[in-house]
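Observations on the three-dimensional arrangement
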Amino acid sequence: MAVLKVKFTKTKRDKLAQILWILNWVSVVSGIILFSLGLFLKIEIKKRNEVMAKGDINSVPNMLISVGVIACIINFLGGKICYDCSDANKFSRWKLVMLPYIVCTFCFTFCILVGALMCYTMRNELEESLYLGLRDAIKFYKDTDIPGRCFLKKTVDLLQIGFRCCGNNGFRDWFEIQWVSPRYLNMASKEVLDRLKSNVDGKFLVDGVPFSCCNPSSPRPCIQYQLTNNSAHYNYDFLTEELNIWMKGCREALLDYYTGIMRSIGIAALLIWLFELCVLIGVRYLQTAMKNVLLLGDLEGESDGWLLENSFVETAKYNINIIKNLGKANQISTVSGMNDPNINVQNTDCDKTNITTKSIPAAR
């Protein structure tokens, strides 16, 4: 029994073909939107590539860009097919193409759904990439004289100012590394030498943060050095007073920023997927209705259209059997005494029962 059978008159078939022709052109625009969203996300990731570790974070924008390009091509072809389907004579040229086209379009719409879901599952990979990238960027913050790293100080400072954050997980990350370049340390100072000797691996560790961690909205002048030393500042208690530096870590700030972008892109991709699915259903109805018109031979009469010719179970079983039998056509049994199962040749004696075989005389 056909699934969701609908009866179409010639007028309904013509209107359906015209509507689908318009919707396919709208789908071309949706493909351009997908391409643009993927390109935008790729550019946003590349902007902060210096504070991200290498990984698979570009898989989502690459997926969206590829799907967007394919959407433009498929929907452009679909518009041409639907335009010709308003005429039964022109439909004949597309008759053998439409079913493969529908199958390919179904796979394509599934890819859109996968791309939309990937926008929501990318958070863990992005968080790990940001954690490792920011850790290294902060570690090499002081290396302003080393080629390949000299730009990291500017990158981290602009990042902390722009996203109102400090450190990787928080401002205390700066306490655990030497972020002041040795070029600006007075090695003749006893205080500097004592600090270098007392800390791990001879690092100049201080309870301070770079200037870019300061909150300009704070009424108090920025306290960026000796943050944990109450006696170093008047009327100051770092345990109870709200510090005038950014409290949020840059990993959390960037993760929130990219998560918001990907959620918006994911919603847009889901809406485009639903739209493409509706167009695909309409094309399927048009294809089956036009096919049945040709079978009936009455181009002006009514015809049935459906999503599936048989039930879901029967269709699934039929396709599974096709897949199972794909490799059997060229198989030959290797069991001794058995003939090729694909060849059924009967041995006949052609009504000759006793045939004398002449022996070959031996050479003398």
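A few points on the structure. Every chain's residues receive numbers from 1 upward, in the order its sequence appears when written. Under the rules for a predicted model, residues below a pLDDT of 70 receive no local features and side-chain atom pairs below 80 are neither given nor counted, while totals for whole chains, interfaces and linings still include all residues. The basis for every side-chain value is the complete set of non-hydrogen atoms in the structure, without hydrogens or water.

Some remarks on the state of the cysteines
Cysteine sulfurs are considered disulfide-paired once they come within 2.5 Å of each other. Summed over all chains, the structure comprises 3 disulfides. Between C166 and C213 runs a disulfide, and the two sulfur atoms are separated by 2.1 Å. Judged by the torsion about the S-S bond (85°), the C166/C213 disulfide is right-handed. On the criterion of sequence distance, the pair formed by C166 in the loop between α5 (152-163) and α6 (190-198) and C213 in the loop between α6 and α7 (250-296) is long-range, its members being 47 residues apart. Only protein chains enter the accessibility calculation, which uses a 1.4 Å probe; a residue whose area is less than 20% of its type maximum is buried, one above 50% is exposed, and one in between is partly exposed. Taking relative accessible area as the criterion, C166 reaches 0% and is therefore assigned buried. Unpaired in terms of disulfides, C111 finds its nearest cysteine sulfur in C107, a separation of 7.2 Å. According to the relative accessible area criterion, C111 is partly exposed, its value standing at 32%. A helix here means a DSSP run of H or I that spans at least four residues, while a strand means a run of E at least two residues long, and both kinds are numbered starting from the N terminus.

Thoughts on a nonpolar patch on the surface
The patch calculation keeps residues exceeding 30% relative accessible area without a salt bridge and links them within 9 Å when they carry like charges or within 5 Å when they are nonpolar (Val, Leu, Ile, Met, Phe, Trp, Tyr). Per-residue and other accessible areas follow the Shrake-Rupley method at a 1.4 Å probe size, with only the shown protein chains counted as cover for residues. Salt bridges are counted wherever a side-chain nitrogen of Lys or Arg sits within 4 Å of a carboxyl oxygen of Asp or Glu. Together, W21, I22, W25, V26, F76 and Y83 give the surface a local cluster of nonpolar side chains, amounting to about 610 Å² of exposed area. Of all the secondary structure elements, the ones that give two or more residues to the nonpolar patch are α1 (10-47) and α2 (59-84). With 4 residues, α1 is the single largest residue contributor to the nonpolar patch.

Digging into the side chain of E44
Summarising the element assignment, E44 is placed in helix α1. The term polar contact refers here to a pair of N or O atoms within 3.5 Å; inside protein, the definition further demands a hydrogen-donor-capable atom paired with an acceptor-capable atom, and it admits residues adjacent in sequence only when both atoms are side-chain atoms. At a separation of 3.0 Å, a polar atom in the side chain of E44 contacts the side chain of K47. Within the local environment of E44, its side chain forms a polar contact with the side chain of R48, the two groups lying 3.4 Å apart. Any two residues whose heavy atoms approach within 4.5 Å at even a single point are treated as in contact. Ignoring anything within four residues of it in the chain, the contact list for E44 reads Y257, Y258 and I261.

Focus: the packing of α5 against α7
Orientation is described by lines fitted to C-alpha atoms, with helices fitted over the stretch in contact, and by angles between N-to-C directions that extend from 0 to 180 degrees. At a closest axis distance of 10 Å, the pairing of α5 and α7 adopts a crossing angle of 65°. Here the hand of the crossing between α5 and α7 comes out left-handed. In this structure, α5 contributes L159, Q160 and F163 to the contact, and α7 contributes C250, A253, L254 and Y257. In this classification, the charged set is Asp, Glu, Lys and Arg, the nonpolar set is Ala, Val, Leu, Ile, Met, Phe, Trp, Tyr, Cys and Pro, and all remaining amino acids, among them Gly, are polar. Here the contact of α5 with α7 is built from residues that sort into 6 nonpolar, 1 polar and no charged. In this scheme the handedness of a crossing depends on how the near helix is turned from the far one: anticlockwise by less than a right angle means left-handed, clockwise means right-handed.

Concerning the environment of I138
Along the chain, I138 turns up in helix α4 (residues 123-139). Look at I138 and you get buried, because its relative accessible area is 6%. Between the alpha carbons of I138 and Q178 there is a distance of 9.2 Å; along the sequence they are 40 residues apart. Ignoring anything within four residues of it in the chain, the contact list for I138 reads G167, N168, W174 and I177.

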